[in-house]
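# A look at the structure
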Amino acid sequence: MGTKFDLSRVLEDLENTSTLDELGAVAVGLRDKLKIDHIVYHWVDGGGDQYGCTTYPDAWVARYQERNYHRIDPVILGCFQRFQPVDWKALDWSGKVAKAFLKDALAHGVGNQGYSIPIRGPNGQFALFTVNHSCTDDAWQAFIGAYGRELILIAHYFNRKALEFERSRQPDSPRSLSPREIDAMTLLALGYSRAQVAHSLSISEHTLRVYIESARAKLGALNTTHAIAKALSRGLIVV
Amino acid sequence: MLRYLYADELHKFPKLAEGMFRDRADQFKTRLGWDVHVNEKGEERDQYDDLNPLYVIWEEPDGSHGGSMRILPTTGPVMVTDVFGHLTGGQPIRSPLIWEVTRFCLSRGASPHTAGAIMLSGGEVMEGFGLTHIAGVFDARMIRIYRLIGSSPIVLGSEGTGRDQISVGLWPYSAEDCNRVAERAGIPRELSRLWFRTAFGPTARHRFALSA
């Protein structure tokens, strides 16, 4: 298990994907390079809708969906609302339901060791990236020690691509600003007063207020200053 | 001792949680005069507290809140980009290996080494989870405290002047800094690591390889 692998090469392969199938192919390649049993990228949204790719056997994937296992899977429950990487050994497998689930998973070819990286994306998005293998605790510890940080980076690259493929799945994806809103916010960011901005754009202050308010609402900002800060940090306006 | 608690675990420590939000009101509203919202229970909370952040809390021997800070990953919504993004040179801080720390707070009756202990937890978090940096927002007064504790940030940008100055800064991970902070706080690293493992399980204890 494990081998010296070229992180930049993996990230490049990921960069070149444009479909979920291609992402799946990178997952297979990565699994083989790392000489581990499985890799899973799993995006679960608020409605329980699932999206992702996995090297798990088809039979297990089908069973997981058919049984709605995401509702009782200790990995999902233990990582949801968290953001630190979790070794499966730190999760609570003591309940009857969890024990039965684990037994079923192992019978379907899931390894006994796992390491899951929760991903907190934009607007409350939640996804999980998991590496899975069958080996001793010591061997697993050594593997995670050697590759932990690379895995975190890879996990976020998987997620970034998934977000790119599935823009419509994103919760309330931030909308872009209209040209007039950009003009108004840019001038405000430069320190112009409202009167000066209205004059520069040849509009009334009343109309200006409408542009500012719509920009504020689109950005989910609390006030104008917050809206300017958000527009700047998202690169929507440049001063 | 240091406790690492996600917001959804705070209910297990009601006294500690209540003390934290009240001491935040006392520090940020009463003492510093920041424009923060204090609710009818006298607690200071904002929208980032609703994102299930991780809190690090120094618990005094009598079980009360001595000090705390709030941690969020910069891949999601954070103050350093949403509110103070204009202070970081036009480039938002957004990396899976950088977490944000805000609301660094000390109670009025905090024991002397509380600030250092909380700072040390930042080092444990970086070490335990393989982070490269912690990003933070802090006021002018904290710069001196950070120096005394033994870990000064790289300041990326500031606004305001004098007491009202607010800055965004980065703390790079450094094993040396961790050990120095621990020594000045009078807390053996072994003990600090034990608290960390108590929260995150026995396996979260190794420094990741630095090859990345």
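Analysis parameters
- Residues numbered from 1 in each chain as written.
- Chains lettered and ligands numbered in written order.
- Predicted model: local features only at pLDDT ≥ 70, side-chain atom pairs only at ≥ 80, totals over all residues.
- Heavy atoms only, no water.
- Buried < 20%, exposed > 50% of the residue type's maximum accessible area, 1.4 Å probe, protein only.
- Helix = DSSP H or I, 4+ residues; strand = E, 2+ residues; numbered from the N terminus.
- Arc of directions from axis to C-beta.
- Contact = heavy atoms within 4.5 Å.
- Pairing = 2+ DSSP bridges.
- pLDDT = per-residue confidence, 0-100.
- Axes fitted to C-alpha atoms, helices over the stretch in contact; angles between N-to-C directions.
- Parallel < 35°, antiparallel > 145°, perpendicular 65-115°, else oblique.
- Left-handed = near helix turned anticlockwise from the far one by under 90°.
- Nonpolar A, V, L, I, M, F, W, Y, C, P; charged D, E, K, R; others polar.
- Domains from an automatic or database assignment.
- Salt bridge = Lys/Arg side-chain N within 4 Å of Asp/Glu carboxyl O.
- Polar contact = N/O pair within 3.5 Å; in protein donor to acceptor, adjacent residues only side chain to side chain.

Count 3.6 residues to each turn of an α-helix, and residues three or four apart come out pointing the same way. Residue and element names in this part refer to chain A. Turning to helix α1 (residues 7–15), its buried residues are Leu7, Val10, Leu11 and Leu14. Mapping the buried residues of α1 onto a view down its axis gives an arc of 95°, with all of them on the same face. As for α1, its buried residues are in contact with α2 (20–34) and α6 (137–165).

Here we come to the sheet that holds strand β3 (residues 86–87) of chain A. Residue and element names in this part refer to chain A. Pairing is antiparallel across the open sheet formed by five strands, whose spatial order is β2-β1-β5-β4-β3. The strands lining the two open edges of the sheet, one partner per strand, are β2 (50–54) and β3. Bridging between strand β1 (residues 38–44) and strand β5 (residues 126–133) involves six bridges; their strand directions are antiparallel. Within β5, the position partnered with tryptophan 43 by the bridge is alanine 127.

In this section: the confidence of the model for chain B. Residues and elements named next belong to chain B. For chain B, the average pLDDT comes to 91, and 95% of its residues sit at 70 or higher. In the model, residues 205–212 has pLDDT below 50 throughout and makes 32 contacts with residues more than four positions away in sequence or in other chains. With a pTM of 0.79, the predicted complex shows an ipTM of 0.85.

Residue and element names in this part refer to chain A. At their nearest, the axes of helix α9 (residues 205–219) and helix α10 (residues 224–233) sit 9 Å apart, and the two run at 60° to each other. Here α10 runs oblique to α9, going by the angle between their axes. Crossing hand, α9 versus α10: left-handed. On α10, the residues that touch Ile212, Arg216 and Leu219 of α9 are Thr224, Ala227, Lys230 and Ala231. By residue class, the composition of the contact of α9 with α10 is four nonpolar, one polar and two charged.

With that settled, consider the domain arrangement of chain A. Domain annotation for chain A reports domain 1 (7–169) and domain 2 (179–233). Each of domain 1 of chain A and domain 2 of chain A was reduced to a C-alpha centroid, and the two centroids are 42 Å apart.

Further remarks concern the sheet that holds strand β3 (residues 65–73) of chain B. All names here are of chain B. The seven strands are arranged β1-β2-β3-β4-β5-β7-β6 in an open sheet whose pairing can be described as mixed. Each edge of the open sheet carries a strand with a single partner, namely β1 (2–6) and β6 (154–159). Neighbour to neighbour, the strand axes of the sheet diverge by 25° on average, direction disregarded. Strand direction decides the pairing type here: strand β2 (residues 54–59) and β3, joined by six bridges, are antiparallel. From the neighbouring strand, glutamate 59 faces β3, where its bridge partner is histidine 65. The strands touched by helix α4 (residues 140–149) are β4 (98–106), β5 (133–139) and β7 (166–172); relative to β5, the strand with the most contacts, the crossing angle is about 130°.

Once that is clear, we can look at the pattern of salt bridges. Tallied over the full model, the rule gives 29 salt bridges over all chains. The closest approach of N and O atoms between arginine 82 of chain A and aspartate 8 of chain B, which form a salt bridge, is 3.1 Å. Within this pair, whereas arginine 82 of chain A is found in the loop between α4 (74–79) and β3, its partner aspartate 8 of chain B is found in the loop between β1 and α1 (14–31), the two belonging to separate chains. Owing to a relative accessible area of 34%, aspartate 8 of chain B belongs among the partly exposed residues under this scheme. A salt bridge links arginine 216 of chain A to glutamate 213 of chain A; the shortest N-O distance between them is 2.8 Å. Of this pair, arginine 216 of chain A and glutamate 213 of chain A are both found in helix α9, three residues apart, which corresponds to roughly one turn of the helix. Residue classification places arginine 216 of chain A among the partly exposed positions, given a relative accessible area of 23%. Within this structure, Arg24, Glu44, Asp46, Asp49, Arg70 and Arg103 of chain B form a network of salt bridges that share partners.

For the rest of this paragraph, the subject is the environment of threonine 224 of chain A. Residues and elements named next belong to chain A. Of note, threonine 224 is situated in helix α10. Sequence separation of threonine 224 and tyrosine 51 is 173 residues, and the distance between their C-alpha atoms is 37 Å. Setting aside anything within four residues of it in sequence, one finds threonine 224 in contact with Met185, Leu188, Arg194 and Ile212. Of the polar contacts made by the side chain of threonine 224, one reaches the side chain of arginine 194; its length is 3.2 Å.

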